[in-house]
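If you want the building blocks of each chain, they are given just below.
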Amino acid sequence: MTFVRNSSTLISWISTGKLQQTVANCVEVTGIGLHSGKVSTVRICPELAGEGRYFELGSKVIQASIDFAKESPLCTTLCKDGHSISTVEHLLSALEATGVDNCRLEVETSDPSSFEVPILDGSAREWVEAIEEAGLKAALDRSGKSCEKLAPVLTEPVTAWRNDSFIAAFPYSKVKITYGIDFLQAPEIGCQWFSSTCPDKDFFSKELASARTFCIYEQVEQLRKSGLIKGGSTENAIVCSESRGWLNPPLRYSDEPCRHKVLDLMGDLSLLAQGGNQGLPVAHIIVYKGGHALHTDFARCLSRVK
């Protein structure tokens, strides 16, 4: 059960002083899906200003919007008219952080019944590298004009929670994220906190993009029996045993699991973006023991405020 407190004046859209951007060229990435185990290819292509980010699945289009987010285990899924694309969070976090405000995301897969963004090495690093390869340029609308980029600015405190997990956000002059995790069953992970102010492109690239997804070894068999992580391996996740610690060291950061949660949060909150504007709210966002469902609950709460 989720409880949310807000008001009708929670968000104001304010100019960032920047122009909306898109990629300068198409770039293509191929890999295996974490949950489906199927190979897919994503092409990141230029798009007009104001169009935002959207997935093109054959003839079907799904906007990268909280309006289409569907609760699903261990990932974020977008669903529209019976079609879906899953595990979108790492790609979206990279696009949001690097300032790709408008783009067409063409997805091809070996199994058209199961569209999933490739997991790659379990982080967003390869997505950032692909975006850097493509380059950025100012996005122009259909009239050939540039568009200013707006950001959602939080005007009042808001909270959302599920059981002992919560998100609390407060008005602040910048984007600031403070995230805590607590895995008592796995002492090598334990309780970790990570906090950063204004996670821009450079900070994201150096401090967050390389943080990989993680799992508890003792839960792997049950997850696979449930039809999940069919493509999971030590090549695309860091694995921690409750009794033996990390099974595939070294970590890229001492607090890599917590940093990865921040990466996930940025991808999920990017779904607030509309019309080529910023998705991440200008606020101090504090999360404890969050996950994709709680992240999208929070984004959905903010999106409903007009």
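Just so you know, these numbers come straight off a predicted model, no measurement behind them.

Enquirer: Quick one: what's the story with the environment of Glu96, residue by residue and with numbers?
Expert: Here Glu96 is to be found in helix α1 (residues 89-98). Spatially, the C-alpha atoms of Glu96 and Asn277 are 9.7 Å apart, while their sequence positions differ by 181 residues. Once you skip the residues sitting within four places of it in the chain, Glu96 turns out to touch Arg53, Ser270, Gln278, Gly279 and Leu280.

Enquirer: Explain the nonpolar core to me, using residue names and the numbers behind them.
Expert: Judged by nonpolar contacts, the single largest core of 74 residues is most densely connected at Ile44, Phe55, Ile85 and Phe204. It is helix α5 (residues 256-269) that provides the largest number of residues to this core, a total of 6 residues. Each residue touching Ile44, except ones within four places of it in the same chain, is listed here: Val23, Asn25, Cys26, Val27, Leu91, Leu95, Cys103, Arg104, Leu105, Trp127 and Ile131. If you look at the next biggest cluster of nonpolar residues, it comprises 8 residues, including Leu34, Cys215, Leu228 and Ile229.

Enquirer: Account for the packing of aromatic side chains, with residues named and values stated.
Expert: Geometrically, a pair of aromatic rings is defined through the distance of the ring centres and the angle of the planes. The full count for this structure, using the stated rule, is 4 aromatic pairs. The interplanar angle of 10 degrees and the centroid separation of 5.8 Å between the aromatic rings of Trp193 and Tyr288 together place this pair among those described as stacked. With a gap of 95 residues between them, Trp193 in strand β18 (residues 190-197) and Tyr288 in strand β22 (residues 284-288) connect regions that are remote in the sequence. Judged by relative accessible area, Trp193 falls into the partly exposed class, the value being 44%. Given the relative accessible area of 17%, Tyr288 is considered buried. Through a chain of ring-to-ring contacts, three or more aromatic side chains come together here, namely Phe166, Trp193 and Tyr288. One cation-aromatic arrangement involves Arg244 over Tyr217; the distance from NZ or CZ to the ring centre is 5.3 Å.

Enquirer: So what about the sheet that holds strand β21 (residues 245-246)? Which residues, and what values?
Expert: Pairing between the strands of a sheet is mediated by backbone hydrogen bonds and can be parallel or antiparallel. Strand order in the open sheet formed by 3 strands is β19-β20-β21, with mixed pairing between adjacent strands. Both outer strands of the open sheet, β19 (214-216) and β21, are each paired with one neighbouring strand and no more. Bridge count for β19 against strand β20 (residues 238-241) is 3 bridges, and the pairing is parallel. Paired with Cys215 across the strands is Val239, a residue of β20.

Enquirer: So what's going on with the pattern of salt bridges? Which residues, and what values?
Expert: Any two side chains of opposite charge can pair, so long as their charged atoms come close to each other. Overall, the coordinates contain 17 salt bridges when judged by the stated rule. Its salt-bridge partner being Glu71, residue Arg162 comes within 3.1 Å of it at the nearest N-O pair. Of the two residues, Arg162 is situated in strand β15 (residues 158-162) and Glu71 in strand β8 (residues 69-72); the sequence distance between them amounts to 91 residues. What makes Glu71 exposed here is its relative accessible area of 54%.

Enquirer: So what about unusual backbone geometry? Which residues, and what values?
Expert: The omega angle of the peptide bond from Pro249 to Pro250 is 5 degrees, so this bond is cis rather than trans. With respect to the helices and strands, Pro250 occurs in the loop between β21 and α5. The backbone of Asp81 shows a phi angle near 50 degrees, a positive value even though the residue is not glycine. Within the secondary structure, Asp81 is located in the loop between β9 (75-80) and β10 (83-86). Phi is positive for Ile229, which is not a glycine, with a value near 45 degrees. Within the fold, Ile229 resides in the loop between α4 (220-225) and β20.

Enquirer: Mind laying out the sheet that holds β9, listing which residues take part and the relevant values?
Expert: The strand order β8-β9-β10-β12 describes an open sheet built from 4 strands, whose pairing is mixed. Bordering the open sheet on either side are β8 and β12 (115-116), each of which pairs with just one other strand.

Enquirer: Summarise the layout of surface pockets; cite the residues concerned and give the values.
Expert: Each pocket or cavity is described by its volume, and for the largest pocket that value is around 960 Å³. Looking at the lining of the largest pocket, the elements that each hand over two or more residues are β8, β9, α1, β17 (176-183), β19, α4, α5 and α6 (292-303). Partitioning the lining of the largest pocket into residue classes produces 20 nonpolar, 19 polar and 8 charged. Within this model, the second largest pocket holds a volume of roughly 500 Å³. Broken down by secondary-structure element, the contributors of at least two residues to the lining of the second largest pocket are β2 (11-19), α1 and β14 (148-154).

Definitions and limits used
Residues numbered from 1 in each chain as written. Predicted model: local features only at pLDDT ≥ 70, side-chain atom pairs only at ≥ 80, totals over all residues. Heavy atoms only, no water. Helix = DSSP H or I, 4+ residues; strand = E, 2+ residues; numbered from the N terminus. Contact = heavy atoms within 4.5 Å. Core = buried A, V, L, I, M, F, W, Y, C linked by side-chain atoms within 4.5 Å. Buried < 20%, exposed > 50% of the residue type's maximum accessible area, 1.4 Å probe, protein only. Phe/Tyr/Trp six-rings, centres within 6.5 Å; stacked < 30°, edge-to-face > 60°. Lys NZ or Arg CZ within 6 Å of the ring centre and 35° of its normal. Pairing = 2+ DSSP bridges. Salt bridge = Lys/Arg side-chain N within 4 Å of Asp/Glu carboxyl O. 1 Å grid on protein atoms, 1.4 Å probe; cavity = no way out; pocket = protein on both sides within 12 Å on 5 of 7 lines; lining within 4 Å. Points joined across faces, edges and corners; volume = space filled by probe spheres on them. Nonpolar A, V, L, I, M, F, W, Y, C, P; charged D, E, K, R; others polar.

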